[in-house]
2 protein chains.
Amino acid sequence: MTALLLHNVRPLGGAPTDVLIEDGRFAAFGPGLTAPTSENGHGALLLPGLIEGHTHLDKSLWGMGWYVNECGPLLTDRIENERHQRRALGLDPLRQARRLADDFLALGTTRIRSFADVDTEIGLSHLHALLALRQDRAGVQDIQVIAFPQSGMLGRPGTFDLMVQAMADGADIVGGLDPSGIERDPKGHLDAIFGLAERFSRPVDVHLHEPGELGAFSLELIAERTQALSMGGRVVVSHAFCLGDVAPARQAALLAMLARAGVAIATTAPPSRNVPPVAACRAAGVTIFGGNDGVRDTWTPYGSPDMLTRAMLIGLKNDFRRDDQIAMALDCVTGSAALGCGFANHGLAVGARAEAVLVDAETIAQAVVGQPKRRLVIAGGRVVARDNALC
Amino acid sequence: MTALLLHNVRPLGGAPTDVLIEDGRFAAFGPGLTAPTSENGHGALLLPGLIEGHTHLDKSLWGMGWYVNECGPLLTDRIENERHQRRALGLDPLRQARRLADDFLALGTTRIRSFADVDTEIGLSHLHALLALRQDRAGVQDIQVIAFPQSGMLGRPGTFDLMVQAMADGADIVGGLDPSGIERDPKGHLDAIFGLAERFSRPVDVHLHEPGELGAFSLELIAERTQALSMGGRVVVSHAFCLGDVAPARQAALLAMLARAGVAIATTAPPSRNVPPVAACRAAGVTIFGGNDGVRDTWTPYGSPDMLTRAMLIGLKNDFRRDDQIAMALDCVTGSAALGCGFANHGLAVGARAEAVLVDAETIAQAVVGQPKRRLVIAGGRVVARDNALC
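Residues numbered from 1 in each chain as written. Chains lettered and ligands numbered in written order. Predicted model: local features only at pLDDT ≥ 70, side-chain atom pairs only at ≥ 80, totals over all residues.

Take the overall build of chain A next. Secondary structure assignment for chain A yields 13 helices and 16 strands. Dimensions along the principal axes, computed over C-alpha positions, put chain A at roughly 60 × 50 × 40 Å. In chain A, which comprises 391 residues, the proportion classed as buried is 55%. Counted over contacts in chain A with a minimum sequence separation of 6, partners at least 24 positions apart contribute 73%. (Helix = DSSP H or I, 4+ residues; strand = E, 2+ residues; numbered from the N terminus. Buried ≥ 20, exposed ≤ 12 C-beta atoms within 10 Å, placed from the backbone. Contact = placed C-beta atoms within 7 Å.)

Another point: the sheet that holds strand S11 (residues 263–267) of chain B. Across a sheet, paired strands are connected by hydrogen bonds in the backbone, their directions being either parallel or antiparallel. Residues and elements named next belong to chain B. Read across the sheet, eight strands follow the order S5-S6-S7-S8-S9-S10-S11-S12 without closing on themselves; strand pairing throughout is parallel. Across the chains shown, the open sheet's two edge strands, defined by having one partner strand only, are strand S5 (50–55) and strand S12 (288–290). Between one strand axis and the next, the sheet turns by 25 degrees as a mean value, whatever way the strands run. As judged from the four bridges shared by strand S10 (residues 235–239) and S11, these two strands associate in the parallel manner. What sits directly across from Val-236, in S11, is Ala-264. Sheet strands touched by helix H5 (residues 186–200): strand S8 (173–177) and strand S9 (204–208). Its angle to S8, the strand with the most contacts, is close to 175 degrees. (Pairing = 2+ DSSP bridges. Axes fitted to C-alpha atoms, helices over the stretch in contact; angles between N-to-C directions.)

The end-to-end C-alpha separation of helix H1 (residues 75–88) of chain A is 20 Å, in line with the 20 Å expected for 14 residues at 1.5 Å each. Gly-90 of chain A sits one or two positions beyond H1 of chain A and adopts a positive phi of about 65 degrees. (Expected span 1.5 Å × (residues − 1).)

This next bit is on the sheet that holds strand S16 (residues 389–390) of chain A. Residues and elements named next belong to chain A. Sheet architecture is open: eight strands sit in the order S3-S2-S1-S4-S13-S14-S15-S16, paired in mixed fashion. Of all strands in the sheet, those with a lone pairing partner are strand S3 (25–30) and S16, marking the two edges. Judged from the four bridges that link them, strand S14 (residues 374–379) and strand S15 (residues 382–386) form a sheet pairing that is antiparallel. Residue Leu-376 lies in a different strand from S15, and its bridge partner there is Arg-386.

This part covers the pairing of strand S11 (residues 263–267) of chain A. Residues and elements named next belong to chain A. Judged by how many residues are buried, S11 sits mostly within the fold: five of five residues are covered. Going residue by residue along S11, you find Val-263, Ile-265 and Thr-267 tucked away on one face and Ala-264 and Ala-266 tucked away on the opposite face as well. Bridge count between S11 and strand S12 (residues 288–290): three bridges; the pairing is parallel. Looking across to S12, one finds that Thr-267 is bridged to Gly-290.

Quoted interface sizes are often the accessible area lost when the parts come together. Residue and element names in this part refer to chain A. In terms of domain boundaries, chain A breaks down into domain 1 (3–47 + 347–390) and domain 2 (50–341). When each unit is reduced to the centre of its C-alpha atoms, the spacing between domain 1 and domain 2 is 29 Å. Facing the 20 residues of domain 1 at the interface are 24 residues of domain 2. At five residues, the largest contribution of residues to the side of domain 1 that touches domain 2 is made by helix H13 (residues 364–369). Residues that form the side of domain 1 that touches domain 2 fall into these classes: 13 nonpolar, five polar and two charged. (Domains from an automatic or database assignment. Nonpolar A, V, L, I, M, F, W, Y, C, P; charged D, E, K, R; others polar.)

To continue, consider the packing of helix H10 (residues 307–317) of chain A against helix H11 (residues 323–331) of chain A. All names here are of chain A. One way to put it is that H10 packs onto H11 with a least axis distance of 8 Å and a crossing angle of 130 degrees. As the angle between them shows, H10 and H11 are arranged oblique. In terms of crossing hand, the pair formed by H10 and H11 is right-handed. In contact with Ala-311, Ile-314 and Gly-315 of H10, H11 contributes Ile-326, Ala-329 and Leu-330. Within the contact of H10 with H11, the residues separate by chemical class into five nonpolar, one polar and no charged. (Parallel < 35°, antiparallel > 145°, perpendicular 65-115°, else oblique. Left-handed = near helix turned anticlockwise from the far one by under 90°.)

All right, on to the relation of the copies chain A and chain B then. Between the two copies of the chain lies a rotation about an axis combined with a shift along it. Taken as rigid bodies, chain A and chain B are interconverted by a rotation of 180 degrees and an axial shift of 0.0 Å, the fit giving an RMSD of 0.0 Å. Expressed as an axis order, the relation between the two copies is that of a two-fold axis. When C-alpha distances to the rotation axis are compared across chain A, the minimum falls at Pro-271 of chain A, with a value of 2.1 Å. Here 100% of the interface residues in chain A have copies in chain B that are interface residues too; the copies meet face to matching face. (Least-squares fit on C-alpha atoms with pLDDT ≥ 70 in both.)

Let us look at the environment of Ser-230 of chain B. Mapped onto the secondary structure, Ser-230 of chain B falls in the loop between helix H6 (212–228) and S10. The class of Ser-230 of chain B is exposed, set by 9 C-beta atoms lying within 10 Å.

Residue and element names in this part refer to chain A. With 17 residues, helix H6 (residues 212–228) extends 25 Å between its outermost C-alpha atoms, agreeing within 8% with the 24 Å of an ideal straight helix rising 1.5 Å per residue. When we look at burial in H6, the residues that qualify are Gly-215, Ala-216, Ser-218, Leu-219, Ile-222, Ala-223, Arg-225 and Thr-226. Those residues of H6 that are buried are in contact with helix H5 (186–200), strand S9 (204–208), strand S10 (235–239), helix H7 (242–245), helix H8 (248–261) and S11. Positive backbone phi, approximately 55 degrees, marks Ser-230, located one or two places after H6.

To continue, consider the confidence of the model for chain A. Per-residue confidence for chain A gives a mean pLDDT of 97, with 100% of residues at or over 70. Model confidence for the complex: the whole-complex pTM is 0.97, and ipTM, which rates the interface, is 0.96. (pLDDT = per-residue confidence, 0-100.)

All names here are of chain A. Its location among the elements puts Ala-261 in helix H8. Along the primary structure Ala-261 and Ala-132 are separated by 129 residues, whereas in three dimensions their C-alpha atoms are 33 Å apart. In this view, Ala-261 contacts Ala-223, Thr-226, Gln-227 and Gly-232; residues no more than four positions away in its chain are not counted.

What follows concerns the pairing of strand S1 (residues 3–11) of chain A. Residues and elements named next belong to chain A. Direction of pairing for S1 relative to strand S2 (residues 17–22): antiparallel, over a ladder of five bridges. Following the sheet pairing, Leu-6 is matched in S2 by Val-19. With six bridges joining them, S1 and strand S4 (residues 38–48) adopt parallel strand pairing. Bridging across to S4, His-7 finds its partner in Asn-40.

Below, the structure is given as structure tokens:
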């Protein structure tokens with residue numbers, strides 16, 4: 001039995017206490033615990049392991065030379081530019097995914113849900129890279145891999161077959177995207193995606209950029225299929241900007257529908273667009289959680305492997321100023337993300353996997369707004385990083 | 001004559017060169033320059049001194065114990081809460097202003113435009129604190145002080161007299177605020193503010209939170225007075241959220257009006273509200289620049305003394321992804337801020353005051369999105385900070 005004691009830490013800003021970790025699990029919380037090996041927390045704030053709920057590890061340019069972005073403004077411009085640039089830049093998906101996942105871990109992120117592009121040019125190479133990383137990180141950093149037809153599926157013959165193979169090869173989740181805006185056939189796309197989910201008994205995560213009523217229609221179709229297949233709790237809609245576009249009464253009706261169906265929302269809280277409002281989602285019973293989306297890739301130069309910074313952006317976007325509101329922003333990258341993504345055994349509780357991050361902050365709110373140093377990161381029951389760097 | 005050479009730096013990301021500083025001014029740019037004292041830039045990116053164009057140094061809680069925010073959501077809630085909390089917390093405006101200005105300088109900000117609250121409870125104590133700091137920093141960090149009737153002027157007898165005294169005591173700028181939303185008398189408020197400006201020959205800066213057509217009406221009244229008094233180039237409207245609320249045609253007409261009148265816009269680019277669009281303002285000939293607004297005060301826990309982070313938030317809000325767009329975000333905290341605030345002799349040019357910041361970044365865009373280390377900050381012709389800390 002391996003044991004580690006965290007001495008004098010304040011879980012979620014509560015009173016100072018000790019935390020005993022045994023065999024990779026939290027074994028006890030309370031004052032006066034002992035173990036042969038211990039770390040002195042000096043009263044710092046202890047947070048659960050952070051969760052990245054929506055990113056693209058396979059195509060980040062993190063740590064490469066600076067890519068000068070001269071891309072056009074349309075979604076289709078960005079998709080086509082990326083297919084060109086990944087060749088021109090010699091993107092190595094495994095190297096890039098590992099590099100970014102390392103920095104996520106150094107800053108306290110112990111669970112990641114990542115898309116992996118699947119298309120007829122790269123085939124399953126990105127997917128296999130992420131599956132290899134998933135295996136490599138098992139027990140320390142949980143990585144969920146979504147097979148994602150970024151360039152479109154219905155209009156590109158051969159892509160659906162690749163999606164079938166991706167699921168057979170071990171992808172965790174079936175990915176979809178704008179059923180009307182990109183796929184041009186909402187029924188056809190969603191029937192295909194949910195068909196795969198049923199066939200392989202896997203969850204679904206749909207990128208939905210479609211605005212206003214077009215996006216709302218897609219939400220309806222997704223909720224209908226989720227209910228018909230009894231997939232509540234296993235379907236995520238990412239972005240769902242449409243929820244921020246529609247009028248309040250329509251928004252409330254859509255949220256009630258999503259809550260009934262058990263569809264969760266992933267938000268990146270982009271400052272430049274309307275977004276699903278976090279407080280309203282929670283009040284309606286809809287799980288909502290956060291992610292970066294791409295981190296420094298050909299789509300965007302922004303993003304970072306710091307989920308507390310993403311929580312800050314979620315807080316800013318939702319105009320969360322009070323401490324109780326900012327706690328909701330933190331929950332978007334901890335508890336609600338675990339629930340929405342289906343990451344098991346997460347949180348600061350006896351029996352949960354021993355994952356935590358010790359930060360220099362007085363309160364949860366300060367941890368979210370202050371980009372504090374990560375004094376310790378615990379994953380797999382051991383110290384994996386100190387002072388923002390992997391051990 | 002004192003001289004300092006910056007060797008092997010890349011001004012604004014251009015080719016590596018040397019920069020000669022003599023007697024506090026940039027004396028020459030070019031390869032192969034010499035001076036008795038030199039700093040090796042190792043090819044790092046050289047940016048002009050950064051500018052904070054809208055903040056409240058006098059009431060930040062920066063470096064104090066964490067303030068738990070439990071305030072209500074209205075503008076008036078926040079104003080009243082602040083008056084209560086500044087007593088309860090024992091806020092010392094000079095200590096707080098100095099603390100925050102120090103951290104601004106350590107991160108490369110050499111010019112600051114700050115409001116100073118003026119009201120019948122604190123009188124001119126905040127204003128005098130900032131005037132003392134302004135004098136203390138002369139030659140190193142330019143501080144403009146705005147006399148600002150945060151709690152309202154027309155409805156609080158005695159406040160206008162304090163504003164008169166503030167200007168007589170040396171405030172740089174006359175501050176106004178929501179002429180209708182708070183003051184309830186747009187003509188009365190703006191006549192009073194512009195009357196002070198005329199009497200003391202000082203510029204004006206009006207906080208305008210008013211939404212939609214109410215704010216647009218205030219913009220019209222401000223533009224009319226600016227033109228009538230030939231004050232073009234000396235009037236700033238801060239926030240001007242209304243410009244982001246109105247329809248495109250109305251927005252274009254308002255921007256044309258502001259350009260004709262010579263009214264500039266200060267934006268904090270809050271993710272949660274509509275804002276004046278940077279590219280459209282620039283295209284219309286309206287100077288637009290950036291600021292934090294309050295940094296960690298009773299209004300908001302957010303903000304930081306890093307103007308590159310503010311540039312990043314401006315970029316995110318405006319959906320600037322291309323490198324040429326992100327250069328506009330940097331300009332909001334450098335050149336355009338100097339123009340809009342009337343900070344003279346700014347920029348990387350022969351004859352300008354020697355203020356610059358050397359950052360670990362390949363490109364301007366990387367400097368904006370990457371929160372790079374500030375290897376050197378030059379102000380008043382000398383090195384004032386290294387590696388994010390004052391010397």
